[in-house]
Amino acid sequence: MDAARLSDKVAVVTGGASGIGRSTVLRFLAEGAKVVVGDLNMKAADQLVSDAAASDRLYVIRTDVSEEAEVEALIGAATDRFDRLDIVFNNAGIGGAFGPIIEIDVDDWDRTFAILTRSVFLGIKHGARALIEQGHGGSIINTASVAGLAGGSGPQAYSAAKAAVINLTLTTADELAPHRIRVNAICPGVIFTPLAVGRHPERLAEAVAALQPWPDHGSGDDIAAAALWLASDESHFVTGEAIRVDGGLMAAGTRISSGSDPYRVWQRYAGFAYGTSGKPAHKRPVTGEPK
Ligand code: NAI
């Protein structure tokens, strides 16, 4: 496989100073890209610059992704500084409004949507403008969440905002395809970043152990690998996709048949159940220990 899958490509990454964004910036740089980072946290951004081996291909601008003029300037910096744009990773995020629905302030609701959804709209709008003007296509990637796919994975405003990101991904993938601009979303599950871990890493680890089928903790590098594939030409026929990277969290679904039964007793037998048809079920004990 080509060692540098993004050589000659220029990427904009929002929220690149921490967590998923930081992992992705470092991966994109390692794959030969030039990267412009937009983030609010300049302390974390300075740390990124000092940790990056190829810091000559990295440029950071303080950006609030909920402000149109700032997103426009961020996109403009890619073409000003590195003469082109190929990839826009709309990734910055926060937890936003929380609490019972009857308690949530409307300003907190709106701020959540501004940072999680308006930001993605702005990144697509100004990213697509620049890509259309250049005329050689490109890849736009939006960080959504499994919280946007079902209830029960996050606060109301956060989940609704992420669901909106997924739908915006679909509609703009359709609209921008004639320009060879692909638009995809990544739906991370639980990723052990500063945002998710917070002040109680042990609580998160406990919840993950109970719910996530895959034994390892999700890391920023897992999302960076998916972003790399979506950014690279290897995914050139993939657009309008929302890829779950969640260690099987969503695949495990409702867990009605296993979640309430830690020993998975139902897996100790194999056979066939005829339901209420009157025919008796047949079953035999399985060989070996249930997993
Ligand atoms: P993080 O907190 O480690 O990194 C987020 C970055 O976004 C930070 O550097 C922060 O300064 C920046 N940021 C926040 N508000 C900003 C704004 N208004 N303008 C510019 N930059 C801003 O968080 P993490 O976990 O890496 O999150 C990245 C994305 O992944 C977010 O969109 C989050 O919702 C999403 N996500 C995270 C999951 C997780 O388990 N960590 C799960 C699903 C989705």
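A separate point is the nonpolar core. Within the largest apolar cluster, 29 residues are counted, with the highest numbers of intra-cluster contacts made by V12, V36, I75, L85, I140 and L176. Of all the secondary-structure elements, those providing two or more residues to this core are β1 (10-14), α3 (68-82), α4 (106-134), α5 (156-176) and β6 (181-188). Not counting chain neighbours up to four residues away, the residues in contact with V12 comprise V36, L74, I75, A78, L85, I87, V88 and F89. Counting residues in hydrophobic clusters, the runner-up holds 25 residues, among them A11, V25, A52 and I141.

So, on to the site of the ligand. The ligand sits among 29 residues. The nearest are S18, D39, N91, Y158 and T193. At 2.8 Å, a backbone N or O of N91 approaches an oxygen atom of the ligand. I191 is positioned with one of its backbone polar atoms (N or O) 2.8 Å from an oxygen atom of the ligand. Protein chains shield 92% of the accessible area of the ligand, which is 830 Å² for the free molecule. Breaking the shell around the ligand down by element, the ones donating at least two residues are α1 (19-30), α5 and α6 (194-197). Looking at the shell around the ligand residue by residue, the class counts come to 15 nonpolar, eleven polar and three charged.

Residues E103, D105, D107 and D110 make up a contiguous surface patch of negative charge. Within the element layout of this structure, D105 appears in the loop between β4 (87-90) and α4. For D105, a relative accessible area of 48% translates into the label partly exposed.

Following both chains from N to C, one finds α1 and helix α8 (residues 220-231) inclined at 50 degrees, their axes separated by 8 Å at the closest point. Here α8 runs oblique to α1, going by the angle between their axes. As α1 packs across α8, the resulting crossing turns out to be right-handed. Seen from α1, the contacting residues are I20, S23, T24, R27 and F28; seen from α8, they are G220, D221, I223, A224, A225, A227, L228 and A231. Along the lines of polarity and charge, the residues of the contact of α1 with α8 split into eight nonpolar, three polar and two charged.

The seven strands lie next to each other as β3-β2-β1-β4-β5-β6-β7, forming an open sheet whose pairing is parallel. In the strand order of this sheet, the two ends are held by β3 (58-62) and β7 (242-245), each with one partner. Across the sheet, the axes of successive neighbouring strands diverge by a mean angle of 20 degrees, strand direction being ignored. Across four bridges, the pairing between β4 and strand β5 (residues 138-143) is parallel. Pairing of F89 across the sheet is with I141, part of β5. Its contacts with the sheet place helix α2 (residues 42-51) against β2 (34-39) and β3, and it is angled at close to 175 degrees to β3.

Tallied over the entire structure, the rule returns two aromatic pairs. Measuring from ring centre to ring centre gives 5.4 Å for W109 and F113, while their planes differ by 20 degrees; the resulting arrangement is stacked. Here W109 pairs with F113, and both are found in helix α4, just four residues apart, close to one helical turn. Overall, F113 belongs to the partly exposed group, its relative accessible area being 22%. The ring centre of Y59 lies 4.0 Å from the NZ or CZ of R81, which sits over that ring.

Now for the environment of A281. When you line up the elements, A281 lands in the loop between β8 (269-272) and β9 (282-285). Classification of A281 as exposed rests on a relative accessible area of 53%. Between the C-alpha atom of A281 and that of G271, which follows or precedes it by ten residues, the distance is 7.4 Å. Leaving out residues up to four positions away in the same chain, A281 has contacts with F272, A273 and Y274.

Reading the values: the criteria
- Every chain is numbered on its own, with residues counted from 1 as its sequence reads.
- Reporting in this predicted model follows two pLDDT cut-offs: at least 70 for local features of residues, and 80 or more for side-chain atom pairs to be given and counted; totals over whole chains, interfaces and linings ignore these cut-offs and use all residues.
- With hydrogens and water stripped out, all remaining heavy atoms of the structure feed into the side-chain values.
- The criterion is simple. A nonpolar core is a set of buried Ala, Val, Leu, Ile, Met, Phe, Trp, Tyr and Cys residues joined through side-chain atoms within 4.5 Å.
- Think of it in three bands: residues with accessible area under 20% of the maximum for their type are buried, residues over 50% are exposed, and the middle band is partly exposed, with areas taken using a 1.4 Å probe on protein chains only.
- Only runs of H or I of at least four residues qualify as helices and only runs of E of at least two qualify as strands under DSSP, and these elements are numbered from the N terminus.
- What makes two residues a contact is simply this: any of their non-hydrogen atoms within 4.5 Å.
- Proximity criterion: a residue is near a molecule or strand once any of its heavy atoms comes within 4 Å of it.
- Here a polar contact means two N or O atoms within 3.5 Å. Within protein one must be a hydrogen donor candidate and the other an acceptor candidate, and residues neighboring in sequence count only if both atoms are side-chain atoms.
- Note on areas: Shrake-Rupley with a 1.4 Å probe; residue coverage comes only from the protein chains shown.
- Polar here means any residue other than Ala, Val, Leu, Ile, Met, Phe, Trp, Tyr, Cys and Pro, which are nonpolar, and Asp, Glu, Lys and Arg, which are charged; Gly is therefore polar.
- Exposure above 30% relative accessible area and no salt bridge define the residues that can form patches, which grow by joining like charges within 9 Å and nonpolar side chains of Val, Leu, Ile, Met, Phe, Trp and Tyr within 5 Å.
- Criterion for a salt bridge: a side-chain nitrogen of Lys or Arg within 4 Å of a carboxyl oxygen of Asp or Glu.
- The charge count treats Lys and Arg as positive and Asp and Glu as negative. His and the chain ends do not count.
- Each charge is placed at NZ for Lys, CZ for Arg, CG for Asp and CD for Glu.
- Convention adopted: a line fitted to C-alpha atoms gives each axis, helices being fitted over their contacting stretch, and angles between N-to-C directions are expressed from 0 to 180 degrees.
- An angle below 35 degrees is read as roughly parallel, one above 145 as roughly antiparallel, one from 65 to 115 as roughly perpendicular, and any other as oblique.
- By convention the crossing between two helices is left-handed if the near helix lies anticlockwise of the far one by an angle smaller than a right angle, and right-handed if it lies clockwise.
- Whether two strands pair depends on DSSP finding at least two bridges between them.
- Only Phe, Tyr and Trp rings are paired, with Trp represented by its six-membered ring, and only when their centres lie within 6.5 Å; those with planes under 30 degrees apart are stacked, over 60 edge-to-face, the remainder tilted.
- Here, a charge over a ring is recorded when the distance from Lys NZ or Arg CZ to the ring centre is within 6 Å and its angle to the ring normal is within 35 degrees.

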